[in-house]
Amino acid sequence: MIAATCAGFPSTRRTIDRAREPLRTEHVISLIQHPAAPVDSRTGHLQRSPLPRSALHRAVLWTPGLLALLVGLWGIRRQDTLWGDEAVTYAMAHRSVPRIWHTLAHVDVVHGLYYLIMQGVFGLWDGGLVALRLPSVLAVAAAAVGIVRLGQRFGGTWTGLLAGLVFPLLPPVQRYAQEGRSYALVCALITWGSCLLVGNLSRPKEQGRAGGRGRAEGRGRAGGHVRGWVAYGVVMLTACLLHELAVLILLAHGVTVFRARLARPVTRAWAVAAGGVLTGLLPLAAFSTTQSAQVGWIGVPDSGEVLGFVATALLGVAFARFPGRVCGPITLPELALPLLILPTALLMLTSPLHPLYVDRYVLASATGFALLTGSVLDRLRQSDHDAGTARRVTCAVALLAVLAALVPVSTALRKPGSRENDAFAIARAVQGIAEPGDGLLFMPSRRRVWTLARPDSFRSLADLALERTPVASDTLFGRELPPGRIRARILTRARIVAVRDLEGQPLEVNTREAVKRATLDAYFEECANRTVTQARITVYARPGHC
């Protein structure tokens, strides 16, 4: 009788045929009454019908990706400035693959995969600063599209669209969309990994019918389910190989899975995929501990960073309290809040033991904030339908005020002063203050990284401490002479240009650096000082020869 009744409702019959599993009578009746509204598997509530998939509708959903692309391309050269870490990327990407491999044995193994990717980019097109930063711009655009997909799943088209539009406007996202480092790529992979996670958790329970055809169909659906978890594992492993601390997002996903109280097979499937990611990451993590001195510069978060995080987290929690649509086994806050809060909180809480917090390491947390903001904006949009004119005007003015406040921030991010140091500006300053034949010292030696992007700017100067160049020694900073030979070479010069850290920075205590400082103090006097971003350029001369 039920089958005969359903025959009069084509959309209902198609829904049942797609499910290919027995339905209880009350479920069939609800489908007859609401043929276009699927039922949530966990709560039994009817889901909202999606909007028609017209060509215009699909085009609108690509708007956040286009906005992210335009915002990223705006001022991409940053007035021909190059941050110090970007100089490392540029130099490494111009080495051969064997050279990169040998360098990673000494330094920067945590960024090895990214350097190999960028080596391929420059192999295809050596476009200077644009080629250096374009992969990050494209990654943010891809992340914006992924956020649209996530928002659609949780709250419908408007939630996805608004979340996707919010994401590329966030100041941290704008910043790292224009940097030649791996953080934007990691963010994009995590966003799409989250899409795969939600898709895997939202699949119906796989079960095949008795009989050959039913068993074959069951195996096919189960195989698709396995492929979904494999894809999730591959994407998340790639993100972790690009930057180890992306593993914190895996923990956030774990919180989402276990808070949702899903069936044991689903939880087990996620655990197996996560275990595969950890296993794949383990060799890199173990080897990178031998290079842990590279992050010795990271300090404990200051009060401004802590207060900023607390304010953002509280705002996210407040946004999560707005009622939203239940679309499957997990809700939007169950995914977004762990993404927003957990990675940053863990790094800050462990900082007294081992400081590792840097905002760019947790850029993917912006995905959670964008989703929560998009959901709230959608709720406000819906409430405006019944609101009076005064409330609509107030909401519009508030939104315009936020956008207006972003303009000076966005403009400042595209100016040279927005970054800690500018390798190009430092090179120009050295050229302007030095004379041919002057000696050159980097104090400490890691500041030689400022020469990587434009080594020709320093060719007229004799690098007194250098034994082998960065390329020849397969290092980032080159290999320096023994302390005694450094002292002897310093004493052969009448004038020396020293490229140093700013006053107040901690001094390195190794013997080479101590010899440089002691020899200059004993036999030379300071003639001139110039500060350029994070560098202090000092000219030394023999007494009476300034």
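Residues numbered from 1 in each chain as written. Predicted model: local features only at pLDDT ≥ 70, side-chain atom pairs only at ≥ 80, totals over all residues. Heavy atoms only, no water.

What follows is about the overall build of the protein. A count of helical and extended segments in the protein gives 22 helices and seven strands. Contacts spanning at least 24 positions in sequence make up 76% of the contacts within the protein whose residues lie at least 6 apart. Surface exposure of the protein reaches about 26,000 Å², of which carbon and sulfur atoms provide 63%. (Helix = DSSP H or I, 4+ residues; strand = E, 2+ residues; numbered from the N terminus. Contact = heavy atoms within 4.5 Å. Areas by Shrake-Rupley, 256 points an atom, 1.4 Å probe, with all protein chains shown as cover.)

The next subject is the pairing of strand β1 (residues 439-443). The element β1 is extensively covered by neighbouring structure, given that five of its five residues are classed as buried. Side chains G439, L441 and M443 project from β1 onto one buried face, and the interleaved L440 and F442 project onto a second face that is buried too. The pairing of β1 with strand β2 (residues 462-463) spans two bridges and is classified as parallel. Of the residues in β2, the one forming a bridge with G439 is A462. (Buried < 20%, exposed > 50% of the residue type's maximum accessible area, 1.4 Å probe, protein only. Pairing = 2+ DSSP bridges.)

This next bit is on unusual backbone geometry. The peptide bond linking M443 to P444 adopts the cis configuration, its omega dihedral lying at 5°. A positive phi angle, close to 50°, is found at R78, a residue other than glycine. The topology assignment puts R78 in the loop between α5 (63-73) and α6 (84-93). Phi is positive for R261, which is not a glycine, with a value near 50°. For R261, the location among the structural elements is in the loop between α14 (247-259) and α15 (264-288). Overall, R261 belongs to the exposed group, its relative accessible area being 75%.

Going through the model one piece at a time under the given rule, you end up with 20 salt bridges. Two residues, D463 and R448, come together in a salt bridge whose shortest N-O distance is 2.8 Å. Here D463 is found in strand β2, whereas its partner R448 is found in the loop between β1 and β2, with 15 residues between them in sequence. Residue class for D463 comes out buried when judged on its relative accessible area of 16%. Classification of R448 by relative accessible area gives buried; the value is 2%. Ionic pairing is found between R448 and E480, a salt bridge with its closest N-O pair at 2.9 Å. Here R448, found in the loop between β1 and β2, pairs with E480, found in strand β4 (residues 479-480); they are 32 residues apart in sequence, far enough to count as distant. Owing to a relative accessible area of 8%, E480 belongs among the buried residues under this scheme. One network of salt bridges, in which partners are shared, links R448, D463, E480, E513 and K516. (Salt bridge = Lys/Arg side-chain N within 4 Å of Asp/Glu carboxyl O.)

This brings us to the packing of α6 against helix α9 (residues 128-155). To describe two helices that pack against each other, one gives the angle between their axes and the distance between the axes. Close contact between α6 and α9 brings their axes to 11 Å; oriented N to C, the two are set at 100°. When the interaxial angle is binned, α6 and α9 end up roughly perpendicular. The residues of α9 that touch α6, namely those facing E86, T89 and Y90, are G128, L132 and R133. Grouping the amino acids of the contact of α6 with α9 by side-chain chemistry returns two nonpolar, two polar and two charged. (Axes fitted to C-alpha atoms, helices over the stretch in contact; angles between N-to-C directions. Parallel < 35°, antiparallel > 145°, perpendicular 65-115°, else oblique. Nonpolar A, V, L, I, M, F, W, Y, C, P; charged D, E, K, R; others polar.)

Inspection of the entire model under this criterion finds eight aromatic pairs. For the ring pair Y183 and Y361, a centre distance of 6.1 Å and an interplane angle of 40° mean the geometry is tilted. Here Y183 is found in helix α12 (residues 183-201), whereas its partner Y361 is found in the loop between α17 (332-349) and α18 (365-384), with 178 residues between them in sequence. With a relative accessible area of 5%, Y183 lands in the buried category. Since its relative accessible area comes to 15%, Y361 is described here as buried. Relative to W270, the ring of F258 lies with its centre 6.0 Å away and its plane at 90°, an arrangement referred to as edge-to-face. With F258 in helix α14 and W270 in helix α15, this residue pair connects regions lying twelve residues apart in the sequence. One aromatic cluster is present, formed by Y176, Y183 and Y361 through successive ring pairs. R454 extends its terminal NZ or CZ atom over the ring of F424, reaching a point 3.7 Å from the ring centre. (Phe/Tyr/Trp six-rings, centres within 6.5 Å; stacked < 30°, edge-to-face > 60°. Lys NZ or Arg CZ within 6 Å of the ring centre and 35° of its normal.)

For the rest of this paragraph, the subject is the sheet that holds strand β6 (residues 525-532). Hydrogen bonds between backbone atoms are what pair the strands of a sheet, whose relative direction is either parallel or antiparallel. Pairing in this open sheet of five strands is mixed, and the strands run β2-β1-β5-β7-β6 from one edge to the other. Pairing within the sheet leaves two strands with one partner each, and these edge strands are β2 and β6. By the bridge criterion, five bridges tie β1 to strand β5 (residues 495-501) in an arrangement that is parallel. From the neighbouring strand, L440 faces β5, where its bridge partner is V497. Most of the contacts of helix α22 (residues 511-523) go to β1, to which it runs at about 130°, and overall it touches β1, β5 and β7 (535-541).

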